[in-house]
Amino acid sequence: MPEAPAWRDDASNSWQDQLRQAGDNHDGMHFFPFAENPNRHGLLVINHEYVNPTLHTGGMTFVDGPNGTRTRPAEQVHKELAAHGLSVIEIAKDPDGQWQRVAKSPFNRRVTGFTPFRISGPLAGDPRMKTASNPDGDEILGTLNNCSMGVTPWGTYLACEENFHNYFVNRDEQDYARRPEHQRYGIGLGGSSRYYAWESAEPRFNATPQADQPHLGHVNEPNRFGWVVELDPFAPGSTPTKRTAMGRLGRECAVCSLGDDGRMAFYSGDDARGEYVYKFVPAGPYRPDEPEHNASLLDSGTLYAAQFNADGSGRWLPLRFGEPGLTTQDGFADQQAVLLNSRGAADAAGATPMDRPEWVAVHPQTREAYVSLTNNTDRGRVQPTDAANPRAENVHGQILRWREAGANPTAEEFEWDIFVIAGERQNAEQSIPTNRVGNISGDLFSSPDGMAFDSAGRLWILTDADETAPYMSTIGSNQMLCADPLTREVRRFLVGPWGAEITGITWSPDETAMWINVQHPGISYPASDGRSRPRSTTVLITREDGGVIGS
Ligand code: FEO
Ligand code: CA
Ligand code: CA
Ligand code: CA
């Protein structure tokens, strides 16, 4: 950002510095070209998923208190809030053809845990969104745990709020048990929130009901996370919006498939063990020449959860108030209750519990959709194995794909198959339980997470495995691979530094430049001295001959 303070290697930057510096843990990302010189000039929007202890000199400070409570220094809490969210960064090729950041750009922007958001859709102003700090239920401070993302046909960015439950605590056991919007999402119960104990310095993260406060204090604050966030990167002064019609999940992504008639589906994974694949179908079509019409398209439509049948057929189950299982007798007061507890609604509708659905990628020609099911050690124990999730104690994951009826994104029926089961090759030399054997043709990988198609239909796969696990000895560090959807052959493209996940992928329109993110590297990366504080890093990839990457 303009006048951003320089990064200090000893982590001594203040929280006010952090408000103007890039956040931590870069994840999903997209390049938005300018209309003029689209292959030389654009805005890179990057999610900052969470924060590492390396954000602070000496690491994170926690002081234990009574009854499992924990206290944090306010300076650390504020720095962590400031290191969450999004970055918008203008980049351009210089006269030598090298990509550079434009430091003094008016487009450069940080969205953080403090940034005001508008609420739109069915839950705007709803009593269940009201808190002591926001009695009108119309404004939320911040976006958290933005993992993957999506892009709309009208050129806005969709950041998704994934593991928001870890930021909140409800200390009232009885209240918690009555509140599906806490319980079903695993909001912290007891002394302290799981991740960072922010509640000690920022009361809104304490979701324990307070009888003497308006709207019971901040008991509804967790309801204000888990949404799709829409941001127009070309309008730096605009207020980003949380789109409640799309439902509330541990949402990984929101990836658009655009039909011939302008109707759309936005596909989402809910990345937790045994959670679901969803799609949101806006009521209206995209109209290229009507920006005002497009600006409210994500405020009304139908949310569906996926059912994968053993015979290779599938159905999208509408999560619509009044459908069987979604009535007042079932505990859903209205459509707002269905959206707030989309997981519970999908349970009731009979959706198929999946092996941690992460990114979705839509084939640019066929509209076939691929979802990475990253792993699920509960499979076979908590959820029985099934056709779509066939491996018990699934440590390596699989990629599943579906074809909507008539290649129509709004169809309610589809066909599906498993594209690849990741993991070790059969009869590998290591002694591996058979349930970990995969069927990869080509280079081995585990725990597919990020995924995207390039315009030629090559599927790029980015992995997020725990490489320290013994069963990873034949696979190694996380990596990026490229797969052929026709032959299913998979080839390694790059390998990340130790400790890192490879995530985030985007291209210049001509695909001669590709950007990826190295998230939470465990060594001094990007420095190679073995001493420097490791930093999540956006990496630019180009070919020496300037050609299309992967061609
Ligand atoms: Fe943040 Fe599901 O990965
Ligand atoms: Ca992910
Ligand atoms: Ca992951
Ligand atoms: Ca991650």
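Thresholds, definitions, all that
Residues numbered from 1 in each chain as written. Chains lettered and ligands numbered in written order. Predicted model: local features only at pLDDT ≥ 70, side-chain atom pairs only at ≥ 80, totals over all residues. Helix = DSSP H or I, 4+ residues; strand = E, 2+ residues; numbered from the N terminus. Rg over C-alpha atoms; globule rule 2.2 N^0.38 Å. Buried ≥ 20, exposed ≤ 12 C-beta atoms within 10 Å, placed from the backbone. Contact = placed C-beta atoms within 7 Å. Pairing = 2+ DSSP bridges.

## Notes on the overall build of the protein
Logical step 1: Across its full length, the protein holds seven helices and 32 strands.
Logical step 2: For 551 residues, the compact-globule estimate of 2.2 N^0.38 gives 24 Å, and the C-alpha radius of gyration of the protein, at 22 Å, lies within 12% of that figure.
Logical step 3: Counting every position in the protein, which comprises 551 residues, the buried fraction comes to 50%.
Logical step 4: Residue pairs at least 24 apart in sequence account for 58% of intrachain contacts in the protein once pairs closer than 6 positions are excluded.

## Points about the pairing of strand 29 (residues 489-495)
Logical step 1: With two bridges joining them, strand 25 (residues 441-442) and strand 29 adopt parallel strand pairing. Bridging from a neighbouring strand, Gly-442 pairs with Val-490 of strand 29.
Logical step 2: Two elements, strand 28 (residues 479-483) and strand 29, share five bridges in a ladder whose sense is antiparallel. Bridging from a neighbouring strand, Leu-481 pairs with Arg-492 of strand 29.

## So, unusual backbone geometry
Logical step 1: Put simply, Tyr-525 and Pro-526 share a cis peptide bond, and its omega is 5°.
Logical step 2: Looking at the element boundaries, Pro-526 is found in the loop between strand 31 (513-519) and strand 32 (537-542).
Logical step 3: Residue Asn-145 is not a glycine yet carries a positive backbone phi of 55°.
Logical step 4: Structurally, Asn-145 is set in the loop between strand 9 (139-141) and strand 10 (146-151).
Logical step 5: Of the residues examined, Asn-145 has 25 C-beta atoms within 10 Å and is grouped as buried.

## A look at helix 2 (residues 74-83)
Logical step 1: With eight of ten residues buried, helix 2 is to be regarded as a mostly interior element.
Logical step 2: Buried within helix 2 are the following residues: Gln-76, Val-77, His-78, Lys-79, Glu-80, Leu-81, Ala-82 and Ala-83.
Logical step 3: Of the surrounding secondary structure, the elements contacted by the buried residues of helix 2 are helix 1 (15-18) and strand 2 (41-48).

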